[in-house]
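Residue-level structural notes
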Amino acid sequence: SYIQLARNPLSAAVKLGMNAISLGDFQKKTKKLPYDRLFHLYMIIALKNNKQVLLEKNEVIQMKVGRGARQDAEVKLVNVNKKFTLHTLVNNTKKYMGSKFLPYSGVNNNCQDFLMAVMKANNLGDESHIKFIKQNTTSIFKNNHRI
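Note that the coordinates shown come from a computational prediction; the quantities given were computed from them, not determined experimentally.

Of the regular secondary structure elements, the protein holds six helices and five strands. Ordered by position from the N terminus, the helices and strands of the protein form the series β-α-α-β-β-β-β-α-α-α-α. Taking all 147 residues of the protein together, 40% fall into the buried category. For the protein, the computed accessible surface area is about 8900 Å², with 52% contributed by carbon and sulfur atoms.

Turning our eyes to something else, we now look at the confidence of the model for the protein. Summarising the model, the protein shows a mean pLDDT of 78, and 73% of its residues fall at 70 or more. Mean pLDDT across the elements of the protein ranges from a minimum in helix α1 (residues 12-21), with 41, to a maximum in helix α3 (residues 86-97), with 97. Scored below 50 in pLDDT, residues 137-147 shows 27 contacts in the model against residues more than four places distant or in partner chains.

What follows concerns the environment of Lys-120. If you trace the backbone, Lys-120 turns up in helix α4 (residues 111-121). You can call Lys-120 partly exposed: its relative accessible area is 44%. Spatially, the C-alpha atom of Lys-120 lies 9.5 Å from that of Ile-130, the residues being ten residues apart in sequence.

Burial of α4 is extensive: ten of the eleven residues sit out of reach of the surface. For α4, every residue scored as buried is listed here: Cys-111, Gln-112, Asp-113, Phe-114, Leu-115, Met-116, Ala-117, Val-118, Met-119 and Ala-121. Positioned one or two residues after α4, Asn-123 has a phi angle of 50°, which is positive.

Glancing now at the pairing of strand β2 (residues 39-46). When you tally the buried positions in β2, you get eight out of eight residues, the bulk of the element. Of the two faces of β2, both are covered, the one formed by Phe-39, Leu-41, Met-43 and Ile-45 as well as the one formed by His-40, Tyr-42, Ile-44 and Ala-46. Direction of pairing for strand β1 (residues 2-9) relative to β2: antiparallel, over a ladder of eight bridges. Paired with Leu-5 across the strands is Met-43, a residue of β2. Bridge count between β2 and strand β3 (residues 52-57): five bridges; the pairing is antiparallel. In the sheet register, Ala-46 faces β3, and the bridge partner there is Gln-52. In this structure, the hairpin formed by β2 and β3 is closed by a connection of five residues, where Asn-50 is found at a positive phi of approximately 70°.

Taking strand neighbours across the sheet as the criterion, the five strands line up as β4-β3-β2-β1-β5 in an open arrangement whose pairing is antiparallel. Two strands lie at the open edges of the sheet, namely β4 (61-65) and β5 (74-78), each paired on one side alone. Each adjacent strand pair in this sheet contributes to an overall mean axis angle of 20°, direction not counted. Against the sheet, α4 contacts β1, β2, β3, β4 and β5, and its axis sits at roughly 35° relative to β2.

A few words now on the side chain of His-40. Mapped onto the elements of the fold, His-40 is located in strand β2. Its relative accessible area of 14% is what places His-40 among the buried residues. At 2.7 Å, the side chain of His-40 forms a polar contact with the side chain of Glu-56.

Criteria and thresholds
Residues numbered from 1 in each chain as written. Predicted model: local features only at pLDDT ≥ 70, side-chain atom pairs only at ≥ 80, totals over all residues. Heavy atoms only, no water. Helix = DSSP H or I, 4+ residues; strand = E, 2+ residues; numbered from the N terminus. Buried < 20%, exposed > 50% of the residue type's maximum accessible area, 1.4 Å probe, protein only. Areas by Shrake-Rupley, 256 points an atom, 1.4 Å probe, with all protein chains shown as cover. pLDDT = per-residue confidence, 0-100. Contact = heavy atoms within 4.5 Å. Pairing = 2+ DSSP bridges. Axes fitted to C-alpha atoms, helices over the stretch in contact; angles between N-to-C directions. Polar contact = N/O pair within 3.5 Å; in protein donor to acceptor, adjacent residues only side chain to side chain.

Have a look at this one:
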């Protein structure tokens, strides 16, 4: 079994929506960032029965069986050298996150925060995986509570 971290650039529709909600502030702030793209992050978990599960957090946590990485995704393999079940992975994450497990916030409880928690709660990956996941979005959301 293995895990792949995956990220896709935010779509034009999502960016347009964020910009509308923030009254134009989203676009202004993203132009000032030191990188040119923002990403939606998720993971693909390969099970021992050769099925794949896509795990992600949008407004809710979602699991989809039989889904690999989306088209145009950048992926990073996480070597898994221990046995655990999908149930254990999610339960460990739930314990680690506590009251932040279910709620969603684009500012401080989004897809990347969820993946960071999955990795830390289950002792997976290393610094290179953290760098792949973590984007500094604080400046985008600073002083804008509409997003």
